[in-house]
Amino acid sequence: MEQISYKEFRKFLDSDVNEAEYFGYGKEDLISLKERLEGLRERFDICESRIESDREKIEKAYSNISGISYNDYRKALTFNDGESSYYLAKDEEKNIYKIKWYASSESSVLTNMKLVKYRNLGRKYSKEIDNIVENSVKYFNKDNTIESVSSIFVLEDSYFSSKLNCNNCPFFFIDKRTLVPEEYTIMPFRVEYDTLPKIAIEDKQKLLTKIMVPRGFLN
């Protein structure tokens, strides 16, 4: 990945040209990152339309459960109950989903008690979980790591949000439904702490229209 200083980044952001023009790259078959994000959102909406009712059915049965989504890294369905996070991995031999815990501030005894509470989830709702996993895998079955034309920026797409990296470091997150960047910024530039620049949401939105990426899959 290429590197850019904050001074150069600011010049690029304030310029009237896109990334390909500013850094002198060819413009063939490129689109803005904003357009690529719109394509990812379209694919997300299709996936949501196929799994939302099954997610709601599980969350209705377990009122404290939320955030049910497929984790492409773990290849499993994950959820949390406000205090702990869990994942459901399929036992292929028995053809059932087994629940496991992977993050909690509680003692192992209390965690094991919670595992008992959810032990029937994977068995009782195996059909719904199968559908959520199957359609989520389709969502992730395309290029979800997208490098910009200059290699300075890389988008790492997950299910509910996307993360923009700069200088091989996290920069900010983008909500999948609204395509609005989060206000919080993880500064990827080498600057003194007391001179940390402020990058407004409007700047981030403008940046998404200036970064250029391969057309790739749009849905």
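As the structure is a computational prediction, the values presented were derived from the model and not from experiment. (Residues numbered from 1 in each chain as written. Predicted model: local features only at pLDDT ≥ 70, side-chain atom pairs only at ≥ 80, totals over all residues. Heavy atoms only, no water.)

Asks: I'm lost on the nonpolar core in this one. Help?
Replies: Grouped burial of nonpolar side chains is what soluble globular proteins tend to show. One finds Phe9, Phe79, Ile129, Phe153, Leu164, Phe171 and Leu207 to be the most contacted residues of the largest nonpolar core, which totals 48 residues. The element that contributes the greatest number of residues to this core is helix H3 (residues 33-61), accounting for seven residues. (Core = buried A, V, L, I, M, F, W, Y, C linked by side-chain atoms within 4.5 Å. Buried < 20%, exposed > 50% of the residue type's maximum accessible area, 1.4 Å probe, protein only. Helix = DSSP H or I, 4+ residues; strand = E, 2+ residues; numbered from the N terminus.)

Asks: Is there a simple way to think about the state of the cysteines in this case?
Replies: Note on terminology: a disulfide is the covalent bond linking the sulfur atoms of two cysteines. Tallying each qualifying case throughout the model produces zero disulfides. Cysteine 169 supplies the cysteine sulfur nearest to cysteine 166, a cysteine that is in no disulfide, at a spacing of 8.1 Å. Cysteine 166 sits in the buried class, given a relative accessible area of 0%. Taking the relative accessible area as the measure of exposure, cysteine 169 reaches 32% and is therefore partly exposed. (Disulfide = S-S within 2.5 Å.)

Asks: Sorry, what's going on with the environment of glutamate 35 here?
Replies: Secondary-structure assignment places glutamate 35 in helix H3. With 178 residues separating them in the primary sequence, glutamate 35 and valine 213 have C-alpha atoms 9.3 Å apart. Here serine 32 takes part through its backbone nitrogen, which lies 2.9 Å from a polar atom of the side chain of glutamate 35. (Polar contact = N/O pair within 3.5 Å; in protein donor to acceptor, adjacent residues only side chain to side chain.)

Asks: How do you make sense of the pairing of strand E7 (residues 153-157) when you look at a structure like this?
Replies: In regular strands, side chains alternate between the two faces of the sheet. Burial runs high along E7: four of the five residues are buried. Looking at chain direction, strand E6 (residues 145-147) and E7 are connected through three bridges and run antiparallel. Across the sheet, glutamate 147 pairs through a bridge with valine 154, a residue of E7. In textbook terms, the turn of a hairpin is the stretch between consecutive antiparallel strands, and for E6 and E7 this stretch comprises five residues, one of which, serine 151, has a positive phi near 70°. Sheet topology note: the E7/strand E8 (residues 161-166) ladder contains five bridges and is antiparallel. When the sheet's bridge partners are listed, valine 154 is paired in E8 with asparagine 165. Where E7 hands over to E8, the hairpin turn is made up of three residues, counted between the paired strands. (Pairing = 2+ DSSP bridges.)

Asks: Explanation requested: the environment of glutamate 48 in the structure shown.
Replies: Structurally, glutamate 48 can be placed in helix H3. For glutamate 48, a relative accessible area of 5% corresponds to the buried category. Setting aside chain neighbours within four positions, we find glutamate 48 in contact with Arg55, Tyr159 and Arg177. (Contact = heavy atoms within 4.5 Å.)

Asks: Even after reading the chapter, I still don't get the packing of H3 against helix H6 (residues 126-140), so can you show me in this structure?
Replies: The relative placement of two packed helices is expressed as an angle between their axes plus a distance between the axes. As a packed pair, H3 and H6 sit with axes 9 Å apart at the nearest point and diverge in direction by 170°. With respect to H6, the axis of H3 lies roughly antiparallel. Contact residues: Leu40, Arg43, Phe44, Cys47, Arg50, Ile51, Asp54, Arg55, Lys57 and Ile58 in H3; Glu128, Ile129, Asn131, Ile132, Asn135, Ser136, Lys138, Tyr139 and Phe140 in H6. A per-class count over the contact of H3 with H6 returns nine nonpolar, three polar and seven charged. (Axes fitted to C-alpha atoms, helices over the stretch in contact; angles between N-to-C directions. Parallel < 35°, antiparallel > 145°, perpendicular 65-115°, else oblique. Nonpolar A, V, L, I, M, F, W, Y, C, P; charged D, E, K, R; others polar.)

Asks: How should the sheet that holds E8 be read in this particular structure?
Replies: As a general point, the strands of a sheet are linked pairwise by backbone hydrogen bonds and lie either parallel or antiparallel. In spatial order, the strands read E6-E7-E8-E9; together these four strands make up an open sheet with antiparallel pairing. Where the open sheet ends on each side, the last strands, each with one partner, are E6 and strand E9 (169-175). For this sheet the average axis-to-axis angle between neighbouring strands, irrespective of direction, equals 20°. Pairing geometry for E8 and E9, over six bridges, is antiparallel.

Asks: I'm lost on the packing of aromatic side chains in this one. Help?
Replies: The geometry of an aromatic ring pair is captured by the separation of the ring centres together with the interplanar angle, meaning the angle of the planes. Under the definition given, this model contains 23 aromatic pairs. Note on tyrosine 159 and phenylalanine 160: the rings are 5.0 Å apart at their centroids and 80° apart in plane angle, and the pair reads as edge-to-face. Among the aromatic residues, those joined into a cluster by ring pairs are Tyr6, Phe9, Phe12, Tyr22, Phe23, Phe153, Phe171, Phe172 and Phe189. The aromatic ring of phenylalanine 12 is capped on one face by lysine 210, whose charged end is 5.0 Å from the ring centroid. (Phe/Tyr/Trp six-rings, centres within 6.5 Å; stacked < 30°, edge-to-face > 60°. Lys NZ or Arg CZ within 6 Å of the ring centre and 35° of its normal.)

Asks: When you look at the side chain of aspartate 91 in this model, what are you seeing that I'm missing?
Replies: The topology assignment puts aspartate 91 in strand E4 (residues 84-91). On the accessibility criterion, aspartate 91 (18% relative accessible area) is buried. For aspartate 91, the side chain forms a polar contact with the main-chain nitrogen of glutamate 93, separated by 3.1 Å. A polar contact of 3.1 Å, which involves the side chain of aspartate 91, links it to the side chain of lysine 98. When sequence neighbours within four positions are dropped, the list of residues in contact with aspartate 91 reads Ile96 and Lys98.

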